[in-house]
Amino acid sequence: MRHWKFLTLLLVMALVARAGQGANRWDREAGVPFVPVTPENQAEFYARSNRCATVRVDLDRTLRAISPAFLGINLSSFSDTTDVWRDYKIPDTLQYAGVGAMRFPGGAETGYYHWRNPGVNGYEDFWEPAAKRGKSDPKAGRFQAVWVAPEKWASNTLFMSIDEYLAQCRRLGAEPIVGINLSSGAKYGRREDGVKEALELMRHCRDTGYKVTYWYLDNEPWNEGIANYTFKGNTYAEEVLVYGQAIKQEFPDARLICNPTLESADSNTIRAFLQTAGKVVDYLDVHWYWGWGTSSFDRWLDQPPAYGETINRIRTVCREAGYPGIGLVVLEWNVAPSDWSVSFSPSLFAVIQGDLLLDFLNHNVELTCLWPLLWRTSREVWPEQDVFQSIASSLPPYERTLSAEMFRMFSAVRGRNLVACESNASRNLVCAAANDPAGNTATVLLVSRSPLRRRVTFDFGPARSGTARLEAIPIKDNKLQTEDGLPVRDGKVECFIEPYSLNALTVRFEKRARK
């Protein structure tokens, strides 16, 4: 009996301790009974320090220009089949979401891809011996939504070609980000052929009237999983130097993107890479999937996306290596799968994804590409069928998700000026703001990690008038909420921010009278 009493006492102590942690972590009113809010006491209720907050935006303090291509997405040459794009109107979804860039032929696909042979199955290399072809049959456990027999590769038009991809970029006004295969040349001892193939691809794009600025030199060359070839030591840097010198000689305006390191962004790896290849590199690419194997609601609250320290360290390494002008891009990112993420609601995915994008935006990541557009796998191929939430559902009819709304909310800042913005509750109200060059429209993006509904005052400084529109994705509702016609008086607008939510406040100021 004493034993059970002792265990009960321990359990109570643990619950009390957890409640205390929750109060400290979330700003809850510990031990305060629920009291209904009435019109008479509402002002007093929302005047409490944990129920109100202020976001200050300095429209006159421009931090930098935001690239029109900031908000990108990954395509897959073999997964994004022409019939799916046509029948399910995928371009309409991309346009609705405000996608500003598209990466092609994808991630690991790049190390296998030969642009003159678009009908080849994913994760198969046309340069490999004919006897080894056909290995990507789903029965062999490969990620392949559509499998085509090798003898039909030449006539296969289901998979996306470079010309079809570029035509979609032009239609959508999206920046093309095109991959160059380094793996095949290294794997089969055909470096010279690989360089020739890369230059012919670039000439083809130029001669057919497509302006491609961004080129990424293969994908995750250090990956020992599904990569076609794993570059050991500093061999990736050696290949980059050879390809880069040939490219820069003929295409000096090309911007070359390289991915030399895992998500930990080891400083020594980056330093060694730059010592060999830094003179031909314009951007370093790091792939960040938040919470791989550990993503959960609790982890988001306790360890939210925070890559700023790593980003600053990468820039320090570049500067110390003599290349301060090298920029940073994240060409693959998402909420990573875990045992908990399979039960995430669409709204929770959208809110955490918005938190990630805010972190990238606030730390000057120039380009980002969500991975993937479509994740078409099955339990026969991937038994866990892990979720990689995108702007479209992973199964027919590939409907728009709340992540598409999240993208659309962020698309408002593409091509705008990032301006100074800060919250007096920065622990659980994270924000960024942008205005248009004319200065008559401003957008504030805000993620609330708070469990409390709060009255937030957005203060734009100078006494200006106008109207505002608030769009919100709260995790409790699984739908977009909007509120129009919010008045802006003396440069301030007040609105209520729901718990655990992504918000976009768009303000249209009245034009100032000319003096």
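Residues numbered from 1 in each chain as written. Predicted model: local features only at pLDDT ≥ 70, side-chain atom pairs only at ≥ 80, totals over all residues. Heavy atoms only, no water.

A. Spatial organisation of the pattern of salt bridges. Across all of its chains, the model carries 18 salt bridges by this definition. For Arg-449, the salt bridge is made with Asp-355, and the minimal N-O distance between the two is 2.9 Å. Here Asp-355 lies in helix α12 (residues 346-362) and Arg-449 lies in the loop between β13 (441-448) and β14 (454-459), a separation of 94 residues in the sequence. A residue is classified by how much of its surface remains accessible, and Arg-449, at 11% relative accessible area, is buried. Between Glu-498 and Arg-453 there is a salt bridge, with its nearest N and O atoms 2.9 Å apart. One end of the pair, Glu-498, is in the loop between β17 (492-497) and β18 (501-509); the other, Arg-453, is in the loop between β13 and β14, and 45 residues separate them in sequence. One salt-bridge network, held together by shared partners, links Glu-405, Arg-408, Arg-469, Glu-471 and Asp-484. (Salt bridge = Lys/Arg side-chain N within 4 Å of Asp/Glu carboxyl O. Helix = DSSP H or I, 4+ residues; strand = E, 2+ residues; numbered from the N terminus. Buried < 20%, exposed > 50% of the residue type's maximum accessible area, 1.4 Å probe, protein only.)

B. Molecular detail of the nonpolar core. Counting 105 residues, the largest nonpolar core has Leu-94, Met-102, Tyr-165, Trp-215, Val-240 and Phe-273 as its most contacted members. Contact partners of Tyr-165, with chain neighbours within four places excluded, come to Leu-75, Met-102, Arg-103, Phe-104, Met-160, Pro-176, Ile-177 and Val-178. In this structure, Cys-431, Leu-446, Phe-458 and Phe-509 belong to the second largest nonpolar core, which totals 26 residues. (Core = buried A, V, L, I, M, F, W, Y, C linked by side-chain atoms within 4.5 Å. Contact = heavy atoms within 4.5 Å.)

C. Expanded view of the packing of aromatic side chains. A full pass over the atoms with the stated rule returns 25 aromatic pairs. Here Tyr-112 and Tyr-123 contribute two aromatic rings whose centre-to-centre distance is 5.7 Å and whose plane-to-plane angle is 90°, an arrangement assigned as edge-to-face. You can see Tyr-112 sitting in the loop between β3 (101-104) and α5 (162-172) and its partner Tyr-123 sitting in the loop between β3 and α5, a full eleven residues away along the chain. Residue class for Tyr-112 comes out buried when judged on its relative accessible area of 5%. One aromatic cluster is present, built from ring pairs that chain together Tyr-229, Phe-231, Tyr-236 and Phe-273. Over the face of the ring belonging to Phe-126 we find Arg-133, whose NZ or CZ atom lies 4.7 Å from the ring centre. (Phe/Tyr/Trp six-rings, centres within 6.5 Å; stacked < 30°, edge-to-face > 60°. Lys NZ or Arg CZ within 6 Å of the ring centre and 35° of its normal.)

D. Structural detail: empty space enclosed by the protein. Enumeration according to the criterion identifies four cavities of 30 Å³ or more in this entry. Lining the second largest cavity are 14 residues, with Tyr-112, Tyr-113, Val-120, Asn-121 and Glu-124 positioned closest to its centre. (1 Å grid on protein atoms, 1.4 Å probe; cavity = no way out; pocket = protein on both sides within 12 Å on 5 of 7 lines; lining within 4 Å. Points joined across faces, edges and corners; volume = space filled by probe spheres on them.)

E. Molecular detail of the sheet that holds strand β12 (residues 429-435). Judged by pairing direction, the sheet is mixed, and its nine strands sit side by side in the order β16-β15-β18-β13-β12-β11-β1-β14-β17 without closing on themselves. Among the strands making up the open sheet, the edge pair consists of β16 (481-488) and β17. On average, each strand axis in the sheet is tilted by 25° relative to the strand beside it, whichever way the strands run. When strand β15 (residues 466-474) meets β16, the two strands line up antiparallel, connected through six bridges. (Pairing = 2+ DSSP bridges. Axes fitted to C-alpha atoms, helices over the stretch in contact; angles between N-to-C directions.)

F. Spatial organisation of the layout of surface pockets. The calculated volume of the largest pocket comes to roughly 550 Å³. If you go around the largest pocket, you meet 22 residues; those closest to its centre are Glu-220, Asn-223, Tyr-289, Trp-292 and Glu-332. Split by residue class, the lining of the largest pocket holds twelve nonpolar, six polar and four charged. (Nonpolar A, V, L, I, M, F, W, Y, C, P; charged D, E, K, R; others polar.)

G. Looking closely at the environment of Ile-497. Here Ile-497 lies in strand β17. For the pair Ile-497 and Ala-53, spaced 444 residues apart in sequence, the C-alpha to C-alpha distance is 9.8 Å. Residues in contact with Ile-497, not counting those within four places in the same chain, are Leu-446, Ser-448, Leu-452, Arg-453, Arg-454, Val-456, Leu-470 and Asn-503.

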